[in-house]
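Residues per chain, in single letters:
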Amino acid sequence: ITGSGASATNYDFSYVPGTLTITRALLTVTADNATREYGLANPSFTSTIAGLRNGDSQSVISGLILATTATQASGVGSYAITASGGSALNYDFNYVPGTLVINPATLTVTVDNRTRQYGAPNPALTASIAGFRNGEDDAVVSGLRLSTTANVRSNAGSYVITGSGASAANYRFDYVPGTMTITKAMVQVRVNNATREYGLANPGFSAIFTGFRNGDNASVISGLTFGTSAT
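The rules we used
Residues numbered from 1 in each chain as written. Predicted model: local features only at pLDDT ≥ 70, side-chain atom pairs only at ≥ 80, totals over all residues. Heavy atoms only, no water. 1 Å grid on protein atoms, 1.4 Å probe; cavity = no way out; pocket = protein on both sides within 12 Å on 5 of 7 lines; lining within 4 Å. Points joined across faces, edges and corners; volume = space filled by probe spheres on them. Nonpolar A, V, L, I, M, F, W, Y, C, P; charged D, E, K, R; others polar. Pairing = 2+ DSSP bridges. Helix = DSSP H or I, 4+ residues; strand = E, 2+ residues; numbered from the N terminus. Axes fitted to C-alpha atoms, helices over the stretch in contact; angles between N-to-C directions. Core = buried A, V, L, I, M, F, W, Y, C linked by side-chain atoms within 4.5 Å. Buried < 20%, exposed > 50% of the residue type's maximum accessible area, 1.4 Å probe, protein only. Salt bridge = Lys/Arg side-chain N within 4 Å of Asp/Glu carboxyl O. Contact = heavy atoms within 4.5 Å. Polar contact = N/O pair within 3.5 Å; in protein donor to acceptor, adjacent residues only side chain to side chain.

In this section: the layout of surface pockets. One way to see where empty space is left: roll a probe the size of a water molecule over the atoms. When its volume is computed, the largest pocket comes out at roughly 200 Å³. Surrounding the largest pocket, Y118, N155, A156, K184, A185, V187, G211, F212, R213, D216 and V220 form its lining. Residue classes in the lining of the largest pocket are distributed as six nonpolar, two polar and three charged.

Following this line, the structure appears as structure tokens:
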């Protein structure tokens, strides 16, 4: 820093220079927060940089590294995203970490359809599970319940089979219901033999029924008719 141009009556001037020291400006690098599902690769990390001077842009920065300890196998939770290694002429660096949030992955539980006859017990209920990550399988799932309102006395028709209650570290669950189809049971109608003499009217015909379920009997049947070609 130089001095010059001074004047004063009775004086001459000797100038001793000083020094202007320009220190580096401070750039603040804030790692941006990020989110991903369990079992996926980390996304590309980004940052926000504040404090650039004189129209400088981020192109003056080199070597900046954004990293986290979280790997593809890391469980659900929050992990720091750290910045380091940045360099730029005329700047120092202050680093503010961000957060990587790993959310649960989704497992889809698809309940298998089942069929049985009226009056029979429900078959074993099963389901298939899709969406596992990191080589995991059904063994990580606990508490899965499969149920239906259909019971041994339920009428023929269709009933929903629902899934619920499943839990597993690092997963949430979506349930796709199945259908319990109750088909009609088979009743055998064995017509009793009958006898009459020639020239007489046909007698009343009757039958024996077998195959009823749940304590049902012939009273549940309507519309049954008997016929013969004999007149």
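Our next topic: the sheet that holds strand β3 (residues 47-50). The strand order across the open sheet built from three strands is β3-β1-β6, with neighbouring strands paired in mixed fashion. The open sheet has two edge strands with one neighbour each: β3 and β6 (91-96). With direction set aside, neighbouring strand axes in the sheet form an average angle of 25 degrees. With six bridges connecting them, strand β1 (residues 25-31) and β6 associate as parallel partners. Residue pairing for β6: L27 is matched across the bridge by F93.

With that out of the way, let us pick up the nonpolar core. Membership of the largest hydrophobic core comes to 17 residues, with the highest contact counts inside it found for I81, L100, L107, V141, Y171 and F173. Per-element tally for this core: the top contributor is strand β8 (residues 105-111), with three residues. Judged by nonpolar contacts, the second largest core, of nine residues, contains L27, I49, A83 and F93.

Here β1 shows a clear split, with A25, L27, V29 and A31 buried on one side and none of L26, T28 and T30 buried on the other. Alignment of β1 against β3, held across four bridges, turns out to be antiparallel. Following the sheet pairing, T28 is matched in β3 by A50.

Within the structure shown, the criterion is met by three salt bridges. With a shortest N-O distance of 3.1 Å, D174 and R172 are connected by a salt bridge. Taking relative accessible area as the criterion, D174 reaches 33% and is therefore assigned partly exposed. R172 sits in the partly exposed class, given a relative accessible area of 38%.

Within the secondary structure, R116 is located in strand β9 (residues 114-117). For R116, a relative accessible area of 5% translates into the label buried. Once the C-alpha coordinates of R116 and A156 are considered, the two residues, 40 residues apart in sequence, prove to be 9.3 Å apart. When residues no more than four places from it in sequence are discounted, the contact partners of R116 are P121, N122, P123, A150, N151, V152, S154, M180, T181, I182 and T183. Looking at R116, its side chain comes within polar contact range of the side chain of N122, at 2.7 Å. At a separation of 2.5 Å, a polar atom in the side chain of R116 contacts the main-chain carbonyl oxygen of N151.

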